[in-house]
Amino acid sequence: MESIKSYKKELIIIGICGLLIGLFGALLVKFGNPKNMGFCIACFIRDTAGGLGLHTAAKVQYIRPEIIGLILGAFGISFIRKEFKPRGGSSPITRFVISFFVMVGCLMFLGCPLRMTLRIAGGDLNAIVGLVGFVAGILVGIVFLKRGFSLKRAYPQAPVEGGTMPAIQIVLLILLLAAPAFIYFSTEGPGASHAPIIISLCAGLIVGGMAQVSRLCMVGGIRDFVLFREKKLLFGFIILLAAAFIVNLCLGNFNPGFADQPVAHSDGLWNFMGMLLVGYGSVLLGGCPLRQLILSGEGNSDSAVTVLGLLVGAAFCHNFGLASSPDGVTFAGKIGVIIGLCVITVIALAYTKKNRV
Amino acid sequence: MIDTSGLSCPEPVIMVKKAMESGEDSYTVIADNRTAFENITRFAAHQGFGVSGEENDGVYTIRIERNK
């Protein structure tokens, strides 16, 4: 008989996970990460893309050890818990396209759902506008889920397929530590602001392991509450927000307002639109960018492809001027978000009903 | 028999929810990962159903029965 976890135990685990992410999220800023950016999956994948020379925005180039840690932490814990299961084949290219546009949305807003939460915890009211867009996007995605949207089944794969993403992280870690001439390191801007490698890596490893155990997902919290009145993931989300808020208050990093927020802009409409795209796309992908990293560590090669979509999306955003900056949004970025909403809607329609499982 | 193998979140739970809406008294659900197993058993228990499950070589078989 397979044991069924008590609900209370599940809530305690996800509560601890939310607490740790909120705590580390706020503390990594203290150790040197950009403000309200202790963790940001989108920003850090973007910085890694820059570090590898996939884009040439000089201010955002650094192989972020947090990403390496998150994937390896999830890999290690899932391996120990016998949950490392190589699988894939669930519409990989479609997932790549969706995640490409999820990144376009993230870089319009300047943050992933996790950083959105950390921004709110730091008093950035623009992120509340983003949250409204995020929830709206999730609701749109849910309409398709209810009508039978599915990217179809994944199937078991060879161990090498599941182990490739963790192996790539080892290579990235070596490149970061060895710092050969072809790896870029920002000398100014957000990419130059970072905690010491060992601290970032350990924070990533711990959070990656905890997120694997707890299944924390920023999209899942709102999605499951709306669909099933299920509160577990939402509880993690709220604890995370509260923990980061309290640490920010203690460190003097809570500055409420819209104007002059760190690595943010105050264009309300496009903060909304960016996160609308992120919420919508992430629901179709089955989880937020953080969750995709964790699943890629568990051997899910569809999530690995999703992470690569985020990476390529980030490179495109900076090479073609789609990414926002504290100076504001760009025309190309607005076009990118609108195209993203259209493409994702076409995908949602194409995979709904007729492909019903 | 509801086979949720290989499907992304939250599709396994949606499949179970839709099956429950059909009004039958018992279901057998197959899941191929621990997350889906936890999500399905939690959902069914919260809906007031009796739940039991077993794992065999990575395949979870869940039995859900309406409490009478």
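Scroll up for the structure.
Bear in mind the structure is a predicted one, so any value in this text is a computation, not a measurement.

Chemist: Explanation requested: the overall build of chain B in the structure shown.
Modeler: When helices and strands are tallied, chain B shows 2 helices and 4 strands. Secondary structure elements of chain B, listed N to C terminal, follow the sequence β-α-β-α-β-β. Here the C-alpha atoms of chain B give a radius of gyration of 11 Å, agreeing with the 11 Å that 2.2 N^0.38 yields for 68 residues. If one aligns the C-alpha atoms of chain B with their principal axes, the spans along those axes are about 30 × 20 × 20 Å. Classification of the 68 residues of chain B by burial places 56% in the buried group. Here the analysis covers contacts within chain B between residues at least 6 apart in sequence; of these, 60% occur between residues at least 24 apart. As displayed, chain B offers around 3000 Å² of accessible surface, 43% of which is attributable to carbon and sulfur atoms.

Chemist: What is the right way to look at the pattern of salt bridges in this model?
Modeler: Oppositely charged side chains are able to pair whenever their charged atoms sit close together. As enumerated under the stated definition, the model contains 13 salt bridges over all chains in all. We note a salt bridge from B:Arg34 to B:Glu38, for which the minimum N-O separation is 3.3 Å. Taken together, the residues B:Arg34 and B:Glu38, both in helix α2 (residues 34-46) and 4 residues apart, mark about one turn of the helix. When salt bridges with common partners are traced through the structure, they connect A:Arg81, A:Glu83, A:Arg215, B:Arg34 and B:Glu38 into a single cluster.

Chemist: Would you explain the interface of chain A and chain B in this entry?
Modeler: One frequent convention defines the size of an interface as the accessible area lost when the parts assemble. Facing 31 residues of chain A, the contacting portion of chain B comprises 30 residues. For the pair chain A and chain B, the summed buried area comes to about 2500 Å², and 50% of that belongs to carbon and sulfur atoms. Run the count over chain A and chain B and you get 3 salt bridges. With a closest N to O distance of 3.3 Å, B:Glu38 and A:Arg215 form a salt bridge. Summed over the shared surface of chain A and chain B, the result is 12 residue pairs in polar contact (both at pLDDT 80 or more). Mapped by element, the contributors of at least two residues to the side of chain A that touches chain B are α1 (7-30), α6 (126-146) and α9 (218-228) of chain A.

Chemist: What exactly am I supposed to notice about the packing of helix α2 (residues 41-51) of chain A against helix α3 (residues 65-80) of chain A here?
Modeler: When two helices pack together, their arrangement is captured by the angle between the axes and the distance separating the axes. All names here are of chain A. Where α2 contacts α3, the axes come no closer than 8 Å and their chain directions differ by 110 degrees. One way to sum up the angle between α2 and α3 is to call them roughly perpendicular. From α2, Ile 41, Phe 44 and Ile 45 reach across to α3, where they touch Glu 66, Ile 67 and Leu 70. Of the residues that constitute the contact of α2 with α3, the class distribution is 5 nonpolar, no polar and 1 charged.

Chemist: Mind showing me how you'd approach the packing of α3(A) against helix α12 (residues 289-297) of chain A here?
Modeler: Residues and elements named next belong to chain A. The N-to-C vectors of α3 and α12 enclose an angle of 50 degrees; their axes lie 7 Å apart at closest approach. It follows that α3 is oblique to α12 by the angle criterion. Crossing angle aside, the handedness with which α3 passes α12 is right-handed. Taking contact as the criterion, the partners of Ile 67, Leu 70, Ile 71, Ala 74, Phe 75 and Ser 78 in α3 are, on α12, Leu 290, Leu 293, Ile 294, Ser 296 and Gly 297. Residue composition of the contact of α3 with α12, grouped by class: 8 nonpolar, 3 polar and no charged.

Chemist: Would you mind showing me how to read a nonpolar patch on the surface here?
Modeler: Residues and elements named next belong to chain A. Together, Phe 245, Ile 246 and Leu 249 give the surface a local cluster of nonpolar side chains, amounting to about 270 Å² of exposed area. Within the element layout of this structure, Leu 249 appears in helix α10 (residues 232-251). We classify Leu 249 as partly exposed; its relative accessible area is 47%.

Cut-offs used in this document
- Each chain carries its own residue numbering, running from 1 in the written order of its sequence.
- Whichever chain is written first is A, and whichever ligand is written first is 1; the rest continue in order.
- The model is predicted, so local features are restricted to residues of pLDDT at least 70 and side-chain atom pairs to those at 80 or more, both for listing and for counting; the totals for chains, interfaces and linings are taken over all residues.
- Values shown for side chains rest on all heavy atoms present in the structure; no hydrogens or waters enter the calculation.
- To qualify as a helix, a DSSP run of H or I must reach at least 4 residues; to qualify as a strand, a run of E must reach at least 2; elements of each kind are numbered from the N terminus.
- The atom set for the radius of gyration is the C-alpha atoms, and the globule formula is 2.2 Å times the number of residues raised to the power 0.38.
- Only protein chains enter the calculation, and the probe is 1.4 Å; a residue is then buried if its accessible area is under 20% of its type maximum, exposed if over 50%, and partly exposed in between.
- By the convention used here, residues are in contact when the closest approach between their heavy atoms is within 4.5 Å.
- In short, Shrake-Rupley with a 1.4 Å probe defines the accessible areas, and a residue's cover is counted only from the protein chains shown.
- By definition, a salt bridge exists where a carboxyl oxygen of Asp or Glu is found within 4 Å of a side-chain nitrogen of Lys or Arg.
- Buried area is calculated as the accessible area (1.4 Å probe) missing from two parts once they are joined, with the contributions of both summed.
- Here a polar contact is recorded for every N or O atom pair within 3.5 Å, except that within protein the pair must consist of a potential hydrogen donor and a potential acceptor, and residues adjacent in sequence are included only if both atoms are side-chain atoms.
- Here an axis means a line fitted to C-alpha atoms, over the contact stretch when the element is a helix, while the angle between two N-to-C directions is reported on a 0 to 180 degree scale.
- Roughly parallel means an angle under 35 degrees; roughly antiparallel, over 145; roughly perpendicular, 65 to 115; everything else is oblique.
- Polar here means any residue outside two lists: the nonpolar Ala, Val, Leu, Ile, Met, Phe, Trp, Tyr, Cys and Pro, and the charged Asp, Glu, Lys and Arg; Gly therefore counts as polar.
- Helix crossings get a hand from a simple test, with the near helix turned counterclockwise from the far one by less than a right angle marking a left-handed crossing and a clockwise turn marking a right-handed one.
- Each patch is built from salt-bridge-free residues with over 30% relative accessible area, joining like charges within 9 Å and nonpolar side chains (Val, Leu, Ile, Met, Phe, Trp, Tyr) within 5 Å.

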